[in-house]
Amino acid sequence: MPYTAEISRSNPTCFIFLLDQSGSMAENFGESGVRKADFLADVVNRTLHDLVIRCTRMEEIRSYYQISIIGYGASVGPVFSGSLSGRSHVPVGEVADLPARLENRTKRVPDGAGGLVEQQVRFPVWIDPTANGGTPMCDAFGQVRSLLEQWLHEHPNCFPPTVLHITDGESTDGDPSGVANQILSMGTSDGPVLLFNCHVSSRHTVKIEYPGDESQLPDDFARMLFKISTPLPGVFQQAASNMGLKTSDGARGFVFNGDPVSVAQFFEIGTRPANLR
């Protein structure tokens, strides 16, 4: 049965975050008043923090995961900031130890009397917002393919790698379907690589989350992203259900015209493989 391999320090899995950093990511995210690039950097930093917490056992951070973050826009490549700059496949323990900086953030917490109070917390930052250049999606997927080739050679029996791709527009360097399908054909003894895609829009439009067919999708670009998205395995469908999302038979890891809530959920669902040991 696929997607059942135990994830351990001796047999980790990997997450590859593939981030559109083109010039259009400087636009506001729907009606939120926040730039898409700023929101994306924030949600990825929060996701990395959550992964660190998930791998913490008795004050020890166990490297169940390795992390790659590839951005594409004016250039294509790893986008960790600080001392991790230029690196890919970083063990989560090193991610925890080496944020670029810590920022002061305000968090609302229960006051013990049924209300909420604001509390200052230190928030780790690993990537910064970027919005510049075109949308070289083919080149970006090509780099992901190269990372996966290396990883799969070294970890042939691991829980399959997960690629989480977020974009706000069409490719400017050709049709990425070919290289994306090459990625989908790769895998481990536990199953094929997981490729999830999330499209975000500057407009306030109807979002389509985890569809099971193409009938609701408005154009060829949306249908292309649907076709290069992995059908959701059971553990991921359960994660979606736990968030109150209904998924149909054949649902794929694809969100179209996502809003801030659905983008945050996209990363939460996509980083929820089971069987940590």
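Criteria and cut-off values
- Residues numbered from 1 in each chain as written.
- Predicted model: local features only at pLDDT ≥ 70, side-chain atom pairs only at ≥ 80, totals over all residues.
- Heavy atoms only, no water.
- Helix = DSSP H or I, 4+ residues; strand = E, 2+ residues; numbered from the N terminus.
- Buried < 20%, exposed > 50% of the residue type's maximum accessible area, 1.4 Å probe, protein only.
- Contact = heavy atoms within 4.5 Å.
- Polar contact = N/O pair within 3.5 Å; in protein donor to acceptor, adjacent residues only side chain to side chain.
- Pairing = 2+ DSSP bridges.
- Arc of directions from axis to C-beta.
- 1 Å grid on protein atoms, 1.4 Å probe; cavity = no way out; pocket = protein on both sides within 12 Å on 5 of 7 lines; lining within 4 Å.
- Points joined across faces, edges and corners; volume = space filled by probe spheres on them.
- Nonpolar A, V, L, I, M, F, W, Y, C, P; charged D, E, K, R; others polar.

1. Let's talk about the environment of aspartate 173
Part 1 of the reasoning: Within the secondary structure, aspartate 173 sits in the loop between strand E9 (162-167) and helix H4 (177-184).
Part 2 of the reasoning: Relative accessible area serves as the criterion here: at 32%, aspartate 173 is assigned to the partly exposed category.
Part 3 of the reasoning: Beyond its immediate sequence surroundings of up to four residues, aspartate 173 is in contact with Thr135, Pro136, Met137, Cys138 and Asp139.
Part 4 of the reasoning: Only 2.9 Å separates the side chain of aspartate 173 from the backbone nitrogen of cysteine 138, close enough to count as a polar contact.
Part 5 of the reasoning: One polar contact links aspartate 173 to serine 171, side chain to side chain, over a distance of 2.8 Å.

2. Focus: the pairing of strand E14 (residues 254-258)
Part 1 of the reasoning: A large share of E14 lies buried, amounting to five of its five residues.
Part 2 of the reasoning: Bridge count for strand E12 (residues 194-200) against E14 is three bridges, and the pairing is parallel. For cysteine 198, the partnering residue across the bridge sits in E14 and is valine 255.
Part 3 of the reasoning: Across two bridges, the pairing between strand E13 (residues 208-209) and E14 is antiparallel. Looking at E14, one finds that isoleucine 208 is bridged to phenylalanine 256.

3. Regarding helix H6 (residues 234-242)
Part 1 of the reasoning: Considered for burial, the residues of H6 that qualify are Phe236, Ala239 and Ala240. All buried residues of H6 fall inside an arc of 100° around its axis, so they share one side. Facing away from the buried side of H6 by more than 90 degrees, the exposed set consists of Gly234 and Asn242.
Part 2 of the reasoning: As for H6, its buried residues are in contact with E12 and helix H7 (260-270).

4. Here's the deal with the side chain of serine 171
Part 1 of the reasoning: Turning to its location among the elements, serine 171 is positioned in the loop between E9 and H4.
Part 2 of the reasoning: For serine 171, a relative accessible area of 19% gives the class buried.
Part 3 of the reasoning: Engagement of the side chain of serine 171 in a polar contact is seen with the backbone oxygen of glycine 174, the distance being 2.7 Å.
Part 4 of the reasoning: If we ignore the near neighbours within four places in the chain, the residues touching serine 171 are Thr135, Met137, Cys138 and Pro176.

5. Here we look at the side chain of serine 229
Part 1 of the reasoning: Inspection of the secondary structure assignment puts serine 229 in the loop between helix H5 (220-227) and H6.
Part 2 of the reasoning: A relative accessible area of 1% means that serine 229 is categorised as buried.
Part 3 of the reasoning: Side chain to side chain, serine 229 and asparagine 197 meet in a polar contact 2.9 Å long.
Part 4 of the reasoning: Among residues more than four places away in sequence, those in contact with serine 229 are Leu195, Asn197, Arg252, Gly253 and Phe254.

6. As for the environment of proline 136
Part 1 of the reasoning: Along the chain, proline 136 falls in the loop between strand E8 (116-125) and helix H3 (137-154).
Part 2 of the reasoning: Judged by its relative accessible area of 13%, proline 136 falls in the buried class.
Part 3 of the reasoning: Filtering out sequence-adjacent residues up to four positions away, proline 136 remains in contact with Tyr72, Gly73, Val76, Thr172 and Asp173.

7. Concerning empty space enclosed by the protein
Part 1 of the reasoning: Tallied over the entire structure, the rule returns two cavities of 30 Å³ or more.
Part 2 of the reasoning: Its boundaries defined by the atoms lining it, the largest cavity holds a volume of some 40 Å³.
Part 3 of the reasoning: As for the largest cavity, its lining consists of Leu19, Asp20, Gln21, Ala37, Leu40, Ala41, Ile127, Asp128, Pro129 and Thr130.
Part 4 of the reasoning: Those elements giving two or more residues to the lining of the largest cavity turn out to be strand E1 (13-20) and helix H1 (36-54).
Part 5 of the reasoning: Approximately 40 Å³ is the volume attributed to the second largest cavity.
Part 6 of the reasoning: Lining the second largest cavity are Met25, Phe29, Lys36, Phe39, Leu40, Ile166, Val200 and Val263.
Part 7 of the reasoning: Element by element, the count of residues in the lining of the second largest cavity is highest for H1, at three residues.
Part 8 of the reasoning: In the lining of the second largest cavity, the residues fall into seven nonpolar, no polar and one charged.

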